[in-house]
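One-letter residues, chain by chain:
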Amino acid sequence: MPTPASDLVTLGHRIRHFRSERTLTLDQLGELVGLAASQLSLIENGRREPKLSTLQQLAQALGVPLADLLSDEAPNTRAALEIELARAQKNPLYGALGLPQVKVTKGMPLPAIESLVGLHRELARRASEAIATPEEARRANTELRERMRERGNYMPDIEKLAEERVRASGHVSGALTHREVSVMAEQLGFTLIYVNDLPHSTRSVTDLANHRIYLPPASIPGGHGLRSMALQAMGHRLLGHERPTSYAEFLWQRLEINYFAACCLMPLDATLSFLQAAKRERVLSVEDLRDAFGVTHEAAALRLTNLATAHLDMTVHFLRVSGDGALQKGYENDGLPLPADVTGSIEGQLVCKQWSARSAFTHTNRTTEFYQYTDTPAGTFWCATQTGTTSDGEFSISVGAPFAQAKWFRGRETTQRAVSRCPDESCCRRPSGAVAGRWSGLAWPSARLHAHVLSPLPSGTFPGVDDTEVYEFLEAHADQ
Ligand SMILES: [Zn+2]
């Protein structure tokens, strides 16, 4: 009889259910089918698989069709709970806790079973949620950075795809227009719709049933962000993304759509011609790339890192640092010693106070890039830093290269120099002896708690996304 082991428990419960209905004891039913009460009990407890002939005899003795006996439905609520409990207790997740198996007896009250099953359900829910913990996210992010470092932050397949889509939209040169982005969506069979009520946990929502892409309204008409977000949403479709099954996959998809959007806004051929000309003239600059393609400074800086190694024969680094000195995003393949924790994660680590990524905050003229040479234990690096402000506070964007490659950049002639000894803590992490001596034991700061430390990422079908919000949003817009 091809009965899967997991269904033996259900089968046992069904046999017991029909036996009780007919008010037969184990002995009485055993006698009818030629089994000892103990053997029948083992079958009812799902611990022995009955032969087909025995099953036929049991069905006959109980007066039910064999198919009824073999149904995979629990005969009643209590049995359903008992079955669920038995399965949960067999789960390795529970086994790992080293706790005893609870055997449900006839006299065990229903609320006790309900309580145990409820706890098992919660245990399973939390275990599946664990994939979205900040720790997992950080690990996955570090691996991702390593992968991108190996390929020089360059993805030729996506470059090609974007180039094709942009050309098909009718775009010829300069900045990709909002109109061209809409045409790209139409060619994909999607309509872009701007709404004020996007779920908080999302950047865009795509309605796959009605072929609509919902985006937030333009805060700055024609701004770069809106085109970028529409392109990212399209990227999911064009790159054939499926629902991510791990946080690593989720991050990888995000990286791919960001890359796709950047390639559309700054297409390979046009961008490369621009950068190669600038390199020949020795005036490479993120600022100029940004202005030529109408994108943000950060997008232009990252785009330069995509093409620098594969096409410009350079190694580079990129940093986004917040006003408090913490590294928000970073990339290097030029050996710049980025601060990292024991797991290799760089996000949230404090950048050396001597680096231009931080000293630029104190610079007086902040409308243009700030240039600096920094001596580090890994050599001398040249950096161009631009500062900016968002509602979350100040940030700086830096792009740079080792000393020998500074000659290709505008700003190479700067006389600004600094010495960084980090990760040696005496560089900028530890107060000087005199100051420490004076204030040690006399300082009582009250720490600001980072809001996200205590709250895990929301977990839904997609990491970080609240499903209920998304479904309700689509429901509300579907008929419009
Ligand atoms: Zn330092």
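For the structure, check the block above.
Residues numbered from 1 in each chain as written. Predicted model: local features only at pLDDT ≥ 70, side-chain atom pairs only at ≥ 80, totals over all residues. Heavy atoms only, no water.

**So, the overall build of the chain**
Defined as follows: Strands are runs of DSSP state E lasting at least two residues, helices are runs of H or I lasting at least four, and both sets are numbered from the N terminus onward. Atoms considered for the radius of gyration are the C-alpha atoms alone. The globule rule reads 2.2 Å times the number of residues to the power 0.38. Contact definition: two residues touch when any of their heavy atoms are within 4.5 Å. Here the open area of atoms and residues is found with the Shrake-Rupley method and a 1.4 Å probe, where only the protein chains shown may cover a residue. In this tally, Asp and Glu contribute negative charge and Lys and Arg positive charge; neither His nor the terminal groups of the chain are included. For charged residues, the charge sits on one atom: NZ in Lys, CZ in Arg, CG in Asp, CD in Glu.
Scanning the chain from N- to C-terminus turns up 20 helices and nine strands. For 480 residues, the compact-globule formula gives about 23 Å, and the C-alpha radius of gyration of the chain, at 32 Å, lies well above that figure. With the C-alpha coordinates of the chain rotated into their principal frame, the extents come out at 100 × 65 × 40 Å. Restricting the contact set of the chain to residue pairs at least 6 apart, pairs at least 24 apart contribute 61%. Per element, the accessible surface of the chain, about 25,400 Å² overall, is 54% carbon and sulfur. Distance between charge centres in the chain, computed from 50 positive and 55 negative side chains, equals 4 Å.

**Concerning helix α20 (residues 467-478)**
Helical geometry note: an α-helix holds 3.6 residues per turn, so side chains three or four residues apart project in the same direction. Keep this limit in mind: What a helix is expected to span follows from its residue count: subtract one and scale by 1.5 Å.
Taking 1.5 Å per residue as the helical rise, α20 with its 12 residues ought to reach 16 Å, and the 16 Å between its terminal C-alpha atoms agrees with that figure. Along its buried surface, α20 packs onto β2 (205-207) and β3 (212-215).

**Here's the deal with the coordination of the zinc ion**
What counts, and what does not: Here the coordinating atoms are restricted to nitrogen, oxygen and sulfur within 2.8 Å of the metal centre, or 3.2 Å for Na, K and Ca, and because water is not among them the sites may look incomplete. The rule is simple: four donors are tetrahedral if all their angles sit between 85 and 135 degrees, four are square planar and six octahedral if opposite donors span more than 155 degrees and the others lie between 65 and 115, and anything that fits none of that is irregular. Residue burial is assigned from relative accessible area. The probe radius is 1.4 Å, only protein chains are included, and a residue is buried under 20% of its type maximum, exposed over 50%, and partly exposed in between.
Taken together, Cys352 (SG), Cys422 (SG), Cys427 (SG) and Cys428 (SG) make up the full set of protein donors to the zinc ion, lying 2.2 to 2.4 Å away. Its four donor atoms give the zinc ion angles of 93 to 118° at the centre, a pattern that matches the tetrahedral case. Counting gaps between the donor residues of the zinc ion yields the pattern C-x69-C-x4-C-C. Taking the relative accessible area as the measure of exposure, Cys422 reaches 8% and is therefore buried. A relative accessible area of 13% means that Cys428 is categorised as buried.

**A look at the side chain of Glu44**
Note the following rule: Here a polar contact is recorded for every N or O atom pair within 3.5 Å, except that within protein the pair must consist of a potential hydrogen donor and a potential acceptor, and residues adjacent in sequence are included only if both atoms are side-chain atoms.
Tracing the chain through its elements places Glu44 in helix α3 (residues 37-44). For Glu44, a relative accessible area of 3% translates into the label buried. In terms of polar contacts, Glu44 uses its side chain to reach the side chain of Arg19, at 2.6 Å.

**A few points about the packing of aromatic side chains**
To keep things clear, this is the line we draw: Geometry of aromatic contacts follows a simple scheme: Phe, Tyr and Trp rings, the Trp one being its six-membered ring, pair when their centres are within 6.5 Å, and the pair is stacked under 30 degrees between planes, edge-to-face over 60, tilted otherwise. In this scheme, Lys NZ or Arg CZ marks a charge over a ring once it lies within 6 Å of the ring centre and within 35 degrees of the ring normal.
This model, assessed by the stated rule, comprises six aromatic pairs. Ring pairs connect the aromatic residues Tyr371, Trp382 and Phe409, which therefore count as one cluster. Between the NZ or CZ atom of Arg147 and the centre of the ring of Trp252, over which it lies, the distance is 3.9 Å. Between Arg303 and the ring centre of Tyr259, over which it is positioned, the NZ or CZ distance is 6.0 Å.

**Let's talk about the pattern of salt bridges**
When charged atoms on two side chains of opposite charge get close, those side chains can pair. As a reminder, the rule being used: The salt bridge criterion pairs a side-chain nitrogen of Lys or Arg with a carboxyl oxygen of Asp or Glu, the two atoms within 4 Å.
Per the stated rule, a full pass over the model turns up 22 salt bridges. Of the charged contacts, one joins Glu44 and Arg16 as a salt bridge, the two residues approaching to 3.1 Å between their closest N and O atoms. Within this pair, whereas Glu44 is found in helix α3, its partner Arg16 is found in helix α1 (residues 5-21), the two being separated by 28 residues in sequence. Of the charged contacts, one joins Asp341 and Arg138 as a salt bridge, the two residues approaching to 2.9 Å between their closest N and O atoms. You can see Asp341 sitting in the loop between β5 (327-332) and α17 (356-359) and its partner Arg138 sitting in helix α9 (residues 134-150), a full 203 residues away along the chain. If you follow the salt bridges from partner to partner, you end up with Arg16, Arg19 and Glu44 in one network.

**As for the nonpolar core**
Test applied: Residue types Ala, Val, Leu, Ile, Met, Phe, Trp, Tyr and Cys, when buried and joined through side-chain atoms within 4.5 Å, form a set referred to as a nonpolar core.
Counting residues in hydrophobic clusters, the biggest one holds 65 residues, and the most contacted among them are Leu176, Met184, Leu192, Leu231, Met234 and Cys264. Ignoring any residue separated from it by four or fewer positions in sequence, one finds Met234 in contact with Val181, Met184, Ala185, Leu188, Leu192 and Ile213. Core analysis: the second largest hydrophobic core is formed by 16 residues, Leu24, Leu29, Leu35 and Leu55 among them.

**Description of α3**
In plain terms, the rule: The arc under discussion is defined with respect to the helix axis, by the directions toward the C-beta atoms.
For α3, every residue scored as buried is listed here: Leu40, Ile43 and Glu44. Along α3, the residues classed as buried sweep out an arc of 100° about the axis, all on the same side. Note on α3: the residue one or two positions beyond its end, Gly46, has a positive phi of about 75°.

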